[in-house]
Amino acid sequence: MPTTRKKNVKPKSPINKKTKTVKKKKQQKVDSRKPKKPPTAFFYFLEDFRKGYQEQNPEIKSMRDIGKAAGEKWKSMKYDEKVEYYDIATEKRAEFEKAMSDYLDRKENGEDAASGDESC
């Protein structure tokens, strides 16, 4: 059985036409008054770790290397050592939840558009 070849068939381009339309979707409006989520406990640890690590290793400038070292340190830490960072993160999370509930109340009542930033 002889094989037939299609003539004038262009190879598919690496960029899919459907992909282009997905990228051009409308972006949702971002409300600047909406509270931002607080960082996790690891990020509070990273903040402290970065300061000490850069003092001890001034030749390392890459955040990638600092992040790797911080991740290894975090994994090797015991829960007792991590508790202080978990406590900070829990406090910030509670503040965020309160601010978010206030924001949602204002939004439901329609006060958000009329009033300015009332938070402390």
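Report follows, based on the coordinates. Keep in mind that what you see is a predicted model, and the values were worked out from it rather than measured.

Rules and cut-offs
Residues numbered from 1 in each chain as written. Predicted model: local features only at pLDDT ≥ 70, side-chain atom pairs only at ≥ 80, totals over all residues. Heavy atoms only, no water. Salt bridge = Lys/Arg side-chain N within 4 Å of Asp/Glu carboxyl O. Helix = DSSP H or I, 4+ residues; strand = E, 2+ residues; numbered from the N terminus. Buried < 20%, exposed > 50% of the residue type's maximum accessible area, 1.4 Å probe, protein only. Core = buried A, V, L, I, M, F, W, Y, C linked by side-chain atoms within 4.5 Å. Contact = heavy atoms within 4.5 Å. Axes fitted to C-alpha atoms, helices over the stretch in contact; angles between N-to-C directions. Parallel < 35°, antiparallel > 145°, perpendicular 65-115°, else oblique. Left-handed = near helix turned anticlockwise from the far one by under 90°. Nonpolar A, V, L, I, M, F, W, Y, C, P; charged D, E, K, R; others polar. Expected span 1.5 Å × (residues − 1). Bend = angle between axes of the 7 residues up to and from the residue.

Another point: the pattern of salt bridges. Oppositely charged side chains can pair when the atoms bearing their charge come close. Under the criterion given, the structure shown has two salt bridges. Where R93 meets E97, a salt bridge forms, and the shortest distance between an N and an O atom there is 3.5 Å. Here E97 and R93 lie together in helix α4 (residues 79-109), a separation of four residues that amounts to about one turn. Residue R93 is classed as partly exposed on the basis of its relative accessible area, which comes to 36%. For D102, the salt bridge identified is with K98, shortest N-O distance 3.3 Å.

Here we take up the nonpolar core. F45, F49, W74 and Y85 are the most contacted members of the largest nonpolar core, which has 13 residues in total. Among the elements of the structure, α2 (41-56), α3 (63-76) and α4 are those that each provide at least two residues to this core. For this core, the element with the highest residue contribution is α2, accounting for six residues. In contact with F49, other than residues within four places in its own chain, are I66, A69, A70 and K73.

In the contact formed by α2 and α4, the axes pass within 8 Å of each other and the chain directions differ by 120 degrees. Between α2 and α4, the interaxial angle falls into the category oblique. The interaxial crossing formed by α2 with α4 has right-handed handedness. Contact residues: α2 offers A41, Y44, F45 and D48, while α4 offers Y85, Y86, I88, A89 and K92. When the residues that make up the contact of α2 with α4 are grouped by side-chain class, the tally is seven nonpolar, no polar and two charged.

For α2, with 16 residues, the first-to-last C-alpha span of 23 Å sits near the 22 Å given by 1.5 Å per residue. Largest kink in α2: about 25 degrees, centred on F49. On the buried face of α2, the contacting elements are α3 and α4.

Don't take any of this as a statement about function, it's just geometry.
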